[in-house]
Amino acid sequence: MSLRFSVLASGSTGNAIYVETNNQKVLIDAGLSGKKLEECFEKNQLDPSELNALLITHEHSDHIKGAGIFARRYHLPIYANTKTWNAMDHMLGKLSTEQKFHFELEDTKTFGDLDIQSFGVSHDAAEPMFFTFHHEGRKLSLITDTGYVSERMKGIVGDADAYVFESNHDMDMLRMGRYPWSVKRRILSDVGHVSNVDAAHAMADLLDTNDKATNIYLAHLSKDNNMKDLARMTVEQTLEERGYQVGKALKLYDTDPMQPTVLAEV
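Residues numbered from 1 in each chain as written. Predicted model: local features only at pLDDT ≥ 70, side-chain atom pairs only at ≥ 80, totals over all residues. Heavy atoms only, no water.

(A) Up close: the pattern of salt bridges. Inspection of every chain in the model, using the stated rule, returns 17 salt bridges. A salt bridge links R138 to D161, with the nearest nitrogen and oxygen atoms 3.3 Å apart. Of the two residues, R138 sits in strand 10 (residues 138–143) while D161 sits in the loop between helix 5 (151–157) and strand 11 (162–166), which places them 23 residues apart along the sequence. The exposure class assigned to R138 is partly exposed, which follows from its relative accessible area of 36%. Owing to a relative accessible area of 6%, D161 belongs among the buried residues under this scheme. Notably, a salt bridge pairs D224 with R178, separated by 3.1 Å at the nearest N-O pair. Placement of the pair is D224 in the loop between strand 12 (214–219) and helix 9 (228–241) and R178 in the loop between helix 6 (171–176) and helix 7 (181–188), with a sequence separation of 46 residues. The partly exposed category is assigned to D224, whose relative accessible area is 28%. (Salt bridge = Lys/Arg side-chain N within 4 Å of Asp/Glu carboxyl O. Helix = DSSP H or I, 4+ residues; strand = E, 2+ residues; numbered from the N terminus. Buried < 20%, exposed > 50% of the residue type's maximum accessible area, 1.4 Å probe, protein only.)

Structure, rendered in structure tokens:
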């Protein structure tokens, strides 16, 4: 029995993460078109018709673009908190009442042999939340779309065997980039996105209390204000300054807007 996952897509153009055990298969967010989501599944030889549930973190289009069509096509139940449902219901198209379920903030639900815990993050959405996944003593933590990582968040996501962790932007690229100041201010705010450096320091704080071999997937990179090599180099340098050697017990992985990561065991 094992816990496995793939970051199907991650970035400002769309986000989706697949998590499975031997008897449960769930999709977290569906921020691509239905066709592109199916292509991501096919690349990992996964079958979306076997999904048991679709979990939504928040209502921004890069997280729900294909949610309605995917739910209709594969008869999926969708889980989201009340405020997120209120914000996104009209964007999903027609869904039957039997497909709409509530998964409230700071709650834990059991799907077969998979326990899923929700927790709040700081982002400019109705009530954004992310998840930790627990199975047979193994833990996977997802945290993106947050302006900062609080001690409360660290307490919830910590002690994981694998993380999908936001590393959204390089500060210099953002400041010098083409975005209008209002957008830059939003990204830099407490309800925006964490930078490479801030993400690395949060990761180091988590590792300070975690003696497990850990895999970290750098996620939700900005298309305009970051690069994979830059994010990885910055995070690696910051972690090593904090005393962590990357490449042995601690490994960093890239994610991509269109190319799914290999299905990995937690």
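Still more to cover.
(B) Representation of the sheet that holds strand 3 (residues 25–28). With respect to topology, seven strands assemble into an open sheet ordered 6-5-4-3-2-1-14, the strand pairing being mixed. Single-partner strands in this sheet number two, and they are strand 6 (100–102) and strand 14 (264–265). As paired strands, strand 4 (residues 53–55) and strand 5 (residues 78–80) are joined by two bridges and run parallel to one another. Its bridge partner being in strand 5, L55 is matched across the sheet by Y79. (Pairing = 2+ DSSP bridges.)

(C) Structural view of unusual backbone geometry. At H75, a residue that is not glycine, the phi angle is positive and equals roughly 55°. Inspection of the secondary structure assignment puts H75 in the loop between helix 3 (67–74) and strand 5. Of note in this structure, E136 is not a glycine but carries a positive phi near 50°. If you trace the backbone, E136 turns up in the loop between strand 9 (129–135) and strand 10.

(D) Region of interest: the packing of helix 1 (residues 34–43) against helix 3. Close contact between helix 1 and helix 3 brings their axes to 9 Å; oriented N to C, the two are set at 65°. With respect to their mutual orientation, helix 1 and helix 3 come out roughly perpendicular. Here helix 1 contributes G34, K35, L37, E38 and F41 to the contact with helix 3, which in turn contributes I69, F70, R73 and Y74. For the contact of helix 1 with helix 3, the per-class residue count stands at five nonpolar, one polar and three charged. (Axes fitted to C-alpha atoms, helices over the stretch in contact; angles between N-to-C directions. Parallel < 35°, antiparallel > 145°, perpendicular 65-115°, else oblique. Contact = heavy atoms within 4.5 Å. Nonpolar A, V, L, I, M, F, W, Y, C, P; charged D, E, K, R; others polar.)

(E) Representation of the pairing of strand 10 in the model. By the criterion of burial, strand 10 is predominantly enclosed, with five of the six residues buried. Examined bridge by bridge, strand 9 and strand 10 share four bridges and lie antiparallel to one another. Looking across to strand 10, one finds that F133 is bridged to L140. The hairpin formed by strand 9 and strand 10 contains two residues between the paired strands, and E136 there has a positive phi angle of roughly 50°. What joins strand 10 to strand 11 is helix 5, and the crossover it makes is right-handed. (Right-handed = clockwise from strand over helix to strand, strands pointing away.)

(F) Fine view of the nonpolar core. By size, the foremost hydrophobic cluster in this structure holds 53 residues, and its most contacted members are F5, V19, F133, L140 and F165. With sequence-adjacent residues up to four places away left out, F165 is seen in contact with I143, T144, V149, A199, A202, M203, L206, I216, Y217, L218 and A219. If you look at the next biggest cluster of nonpolar residues, it comprises 26 residues, including A16, C40, L51 and A67. (Core = buried A, V, L, I, M, F, W, Y, C linked by side-chain atoms within 4.5 Å.)

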